[in-house]
Structures are given as structure tokens and as C-alpha cells.
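# Tertiary structure, described
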Amino acid sequence: MRRRTRWVKRAGMAAWGAAALGLGAWLAGCEGGPGYVYFCEDPNFPGATDPGGPCHDAGTDACGDAGPDAGEHCAEAGVDDETDTAIVPGFDPAQPDVCAEQCVPREPLGWSEPALLWIGPPDQAPDCPAAAPSIGYEGHADFTAAPPRACPACLCDPPDASCELPSAWRAHASFPCGVPGAAETSFAAPDGWDGACISANAIAAGQMCDGALCAQSLEIPAPRVRRGSCAARSAEAPEEPGEPGGSFALLGRACTGTVLASCGDPGTTCIPAPPAGDSAPPEGFLTCIHREGERDCPATYPDRHVSHAGVEDTRGCTPCGCSEPTGGACSILASAFRDEACSQFTVGVVVSSEAPFCGGIVPGTALGSKSASVVSFEPGGCEPTGGEPTGGVALLGAATFCCRPAPGPESAPT
């Protein structure tokens, strides 16, 4: 028995992803391969009477010779059916084939399928309309950066310096000190000496060195400022961080839905229409295509809107620090004694860190002991560093929406 045939192709629309709008997907159907559903009934449909078409009689019937593995749509057709029908879940064969929503130009390669976009203040955002109930994307526009926090001034505490007492005292067999060829005799204290009375390296009265009295002048090296490091601090407590980044004045919400219908013009596609009486945002929706990044718009969708997924605020201040310490000075009172108990005074002199001392004493005087103490000390200082603004505010996740002209007399906000 020859069967009457009908051929219908229907396109489905996939929902947009959370941050990007996906490409459409074709429904799969019986005998047509991926992307097609065939109904063999009405000869007015293209291909119904084409001898080479998918609905042409391929034997006694379209599904009868397919064998036991032909699929449910063929197995359920029945012996006496006059039609072969591929059933798509949720699809009503009685639904009109002509697009009852809106036919708009197809998206260029690389762009998402058209959807409905609302742009306006976040607190006025509407729900998606019934024809396009799914939120496919939300982004933000019209960003105002928050003022940066003021960086506090940096200061440096005085370095943890100290005045190091000289230990390498020497007696010279000449006056003044340092006469070429004159003998030198150590009257040194041990390293790390704290200035307490000490008799180390005592020189006896009348001691001779190379035929001359050893002690005719006494050399005391300059004390040294041993510099440590400076601790950095802020002049005042840092401000409490406020809201990071700033705020967006506009929200962009894209709504998607599925329409199983076709348009007469192959260069157009059927998508959900904005609600009746819709006008330019923020009162209504625009019909737009979408692509990640900042892009130029095609001529078919000329109105450009750029939105962002969020903002990254890396503003801050460089940490406070200190340079190496400089400056500093100290002076000591250095005393020498004839005995070993620092009781029989021989000489006492103030020696600064700027220059050593070398002075004459009574030739042949005994140098039995010595002591020293700090009389003045300036630790020096460090130059503060840091406290400079750093970082910035960066908008993240740019996306471009290109829209059909708004239906109302006023254009949508940018």
C-alpha cells in the first residue's frame, strides 16, 4: 500500500549559558538524520512528492521494512496507519508552522542566537516575560569607581644603634704619636669591652722599648656607632576599607525561550517577541545578539551595549619601610690610671666618634688600668619609604550586546 507523505523541518533554540549565549541546536528525527523531523502526510510540503526525497515510498511503506530495530516511532505506527510520524516530546503536530512571535535576522557567525535584553537600574529589573522565561545572562554597566583610600604617611623609629667603645688603646715611645720608627705598645682592652675598669695589657713604669721609654703618649681610637635597623610605622591608623571597587548603575538581563516555528525568509529566525506594548528599556525589552568581549556590531543589529560580569579592585598602598640608617654620633670619657684598680688617675679625655685621640703623658708613667663610659649618643636615623598608592580598578568579563532598534521613539540607555 502506497503511503501519503509529508516533510517538515523544525529548528529548536538552546538556552544561553550563565555567562555566554549558546548556539542553537537542531532536533533529531526519524530517517532525516540529525536536524530533521519528517512527517509523511501532506503532499503540499516540500519533498513530499520528490522521488528522491525522504518521504518517497521506499518499498511497501516508510517504516514497515525497517525491521525490528527501527525504533518506537515506527513500531507504534501500526499495520493499518495511513501515515508515518516521528514523535518529538512536547511537540504538537497541529501547532502552526508559521512563526507567531517575531522573525528577526539570523545572527552572524560567532554570535549567540537573538534573545530579549532588558537594561536599567537594578532595583527596577523585571522578571523575564512568559515567552522567554529563562535568564541566560546578567551583566552590569555604567560603573562608578569608589574613591581610593588615602595612604597614611610612613615614619621610621630611631635605629636600634649603640656606641661601641674602642678597645685598641696603644702607648707610643714618642711624642707626638706616630713618629716613624717609634715603638708602639698595646694597652688594649678585650673585644666587647663594656668600659668597666680593667688592667689588661698594663705597662709598667719606666718600661723600655728599643732604648726608649714605652709610654710617652697614649692613643685612644674613636668610638664607633654600631647601627642597627629602623622600625617602620604609619603616622596614623589606616582607614577602614570601605566598599570595594564602586557600583554599577545599570543591570543587563537577557531572557531566552524556545519557539518551534519557522520564518518564510531563510535569512531570519523565529524567537520570542517582547511583551505586547513593549517599548525601549527600562520599560521594555530589546531584541539582541551577544558575544563575549568588546566587539563592533553588525549592520543587522546596530545598537551596541557593553556590559561586565563584575569588577576587581586591587587598589591599596605600598607597605611602609625604612632605608639603611645614616648619621649618628657618640662621645666617651676615656680614663687611664697608674695602678691596676683605676684609683690613681693619669689622664682623662672625651673622645668622639668623629676622631681618635692621641696625647702626651709624662714619659715612663705606668699605665696600669683603664675605664670608659658613654657621655653622649645620637643613634642617627632612616628615611621612610612606602605609603604610595598602588593597584587600580579593572572591569571583568566584558560582553557586547548588539540590538535591533528600540520600538519606541527613545533609544535604550547605553
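Everything below is about the structure shown above.
Residues numbered from 1 in each chain as written. Predicted model: local features only at pLDDT ≥ 70, side-chain atom pairs only at ≥ 80, totals over all residues. Heavy atoms only, no water.

### Here's the deal with the packing of aromatic side chains
Per the stated rule, a full pass over the model turns up 5 aromatic pairs. For the ring pair Trp169 and Phe187, a centre distance of 6.1 Å and an interplane angle of 70° mean the geometry is edge-to-face. Taken together, the residues span a long stretch of sequence, with Trp169 in the loop between strand S8 (162-164) and strand S9 (170-172) and Phe187 in the loop between strand S10 (184-186) and strand S11 (208-209) at a distance of 18 residues. The pair formed by Trp169 and Phe187 is uniform in burial state, with each residue classed as buried. Summarising the aromatic geometry, the rings of Phe337 and Phe345 are spaced 6.0 Å apart at their centres and angled 75° between planes, so their arrangement reads as edge-to-face. Judged by relative accessible area, Phe345 falls into the partly exposed class, the value being 47%. Following the ring pairs from residue to residue traces out a cluster consisting of Trp169, Phe187 and Trp193. Against the face of Phe187 rests Lys370, its NZ or CZ located 3.8 Å from the ring centre. The aromatic ring of Tyr301 is capped on one face by Arg404, whose charged end is 5.7 Å from the ring centroid. (Phe/Tyr/Trp six-rings, centres within 6.5 Å; stacked < 30°, edge-to-face > 60°. Helix = DSSP H or I, 4+ residues; strand = E, 2+ residues; numbered from the N terminus. Buried < 20%, exposed > 50% of the residue type's maximum accessible area, 1.4 Å probe, protein only. Lys NZ or Arg CZ within 6 Å of the ring centre and 35° of its normal.)

### Focus on the nonpolar core
In this structure, Trp169, Phe187, Leu218, Ile220, Ile332, Ala336 and Leu367 are the most contacted members of the largest nonpolar core, which totals 28 residues. At 4 residues, strand S23 (residues 329-337) tops the list of elements feeding residues into this core. The residues touching Leu367, leaving out its near neighbours within four places in the chain, are Ala171, Phe187, Ala202, Ile203, Ala215, Leu218, Ala336, Phe337, Arg338 and Ile361. In this structure, Tyr137, Ala141, Cys403 and Ala406 belong to the second largest nonpolar core, which totals 12 residues. (Core = buried A, V, L, I, M, F, W, Y, C linked by side-chain atoms within 4.5 Å. Contact = heavy atoms within 4.5 Å.)

### As for the sheet that holds S9
The sheet built from 4 strands is open, its strands ordered S10-S9-S13-S25 with antiparallel pairing. The open sheet has two free edges, formed respectively by S10 and strand S25 (357-360), since each of these has just one partner strand. Taking the axes of each pair of neighbouring strands and ignoring which way they run, one obtains an average angle of 25° across the sheet. With 3 bridges connecting them, S9 and S10 associate as antiparallel partners. Note that in S10 the partner of Arg170 across the bridge is Ser186. (Pairing = 2+ DSSP bridges. Axes fitted to C-alpha atoms, helices over the stretch in contact; angles between N-to-C directions.)

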